[in-house]
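# Close look at the chain arrangement
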Amino acid sequence: MTCVFVQFRCQPGKTYEVANAVWDREVVSEMFSTSGEYDLIAKVYIPDGADVGHYLSEKLFDIPGIVRTLTTMTFKAF
């Protein structure tokens, strides 16, 4: 599995709705609210062999209230 971190910028007033919708899809292992440019950050494990972009698009990025996302790939744990 490949671990990625996905940050979500939400429409004003929609952060809790987006957070609940993301969590309900049972795709993320951890999720936190954040300060700064993005409202939420989630840790997602992508199944081996799955295309990261397609997986995230199909599982998460169609949720209403998401304005922008930022995906950070990981390569090795120390």
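Everything below is about the structure printed above this text.
Below or above, wherever it landed, is the structure these notes cover. (Residues numbered from 1 in each chain as written. Predicted model: local features only at pLDDT ≥ 70, side-chain atom pairs only at ≥ 80, totals over all residues. Heavy atoms only, no water.)

## With respect to the pattern of salt bridges
The full count for this structure, using the stated rule, is four salt bridges. Residues Lys-43 and Glu-30 are paired through a salt bridge, measuring 3.6 Å at the closest nitrogen-oxygen approach. In this pair, Lys-43 sits in strand S3 (residues 40-46) while Glu-30 sits in strand S2 (residues 28-33), placing the two residues 13 residues apart along the sequence. (Salt bridge = Lys/Arg side-chain N within 4 Å of Asp/Glu carboxyl O. Helix = DSSP H or I, 4+ residues; strand = E, 2+ residues; numbered from the N terminus.)

## What about the environment of Ala-77?
Relative to the elements of secondary structure, Ala-77 occurs in the segment after strand S4 (66-73). In this structure the C-alpha to C-alpha distance between Ala-77 and Asp-24, which are 53 residues apart in sequence, comes to 28 Å.

## Topic: the side chain of Lys-43
Within the structure, the side chain of Lys-43 is placed 3.3 Å from the side chain of Tyr-45, a separation counted as a polar contact. If near-sequence neighbours (up to four positions away) are discounted, Lys-43 is found in contact with Cys-3, Val-4, Phe-5, Val-28, Ser-29 and Glu-30. (Polar contact = N/O pair within 3.5 Å; in protein donor to acceptor, adjacent residues only side chain to side chain. Contact = heavy atoms within 4.5 Å.)

## A short note on the nonpolar core
Residues Val-4, Phe-8, Val-22, Val-44, Ile-46, Leu-56 and Leu-60 are the most contacted members of the largest nonpolar core, which totals 19 residues. In this structure, Ile-46 is in contact with Met-1, Thr-2, Val-4, Val-52, Tyr-55 and Leu-56, ignoring residues within four places of it in sequence. (Core = buried A, V, L, I, M, F, W, Y, C linked by side-chain atoms within 4.5 Å. Buried < 20%, exposed > 50% of the residue type's maximum accessible area, 1.4 Å probe, protein only.)

## Examining the sheet that holds S3
Hydrogen bonds between backbone groups are what pair the strands of a sheet, and the pairing can be parallel or antiparallel. Taking strand neighbours across the sheet as the criterion, the four strands line up as S2-S3-S1-S4 in an open arrangement whose pairing is antiparallel. The sheet is open, and its two borders are formed by S2 and S4, each paired with just one other strand. When the angles between neighbouring strand axes are averaged without regard to direction, this sheet yields 20°. Where strand S1 (residues 2-10) and S3 come together, seven bridges link them in antiparallel fashion. In the sheet register, Val-4 faces S3, and the bridge partner there is Val-44. Taken strand by strand, helix H1 (residues 15-24) contacts S1, S2, S3 and S4, and its axis lies near 170° from that of S2. (Pairing = 2+ DSSP bridges. Axes fitted to C-alpha atoms, helices over the stretch in contact; angles between N-to-C directions.)

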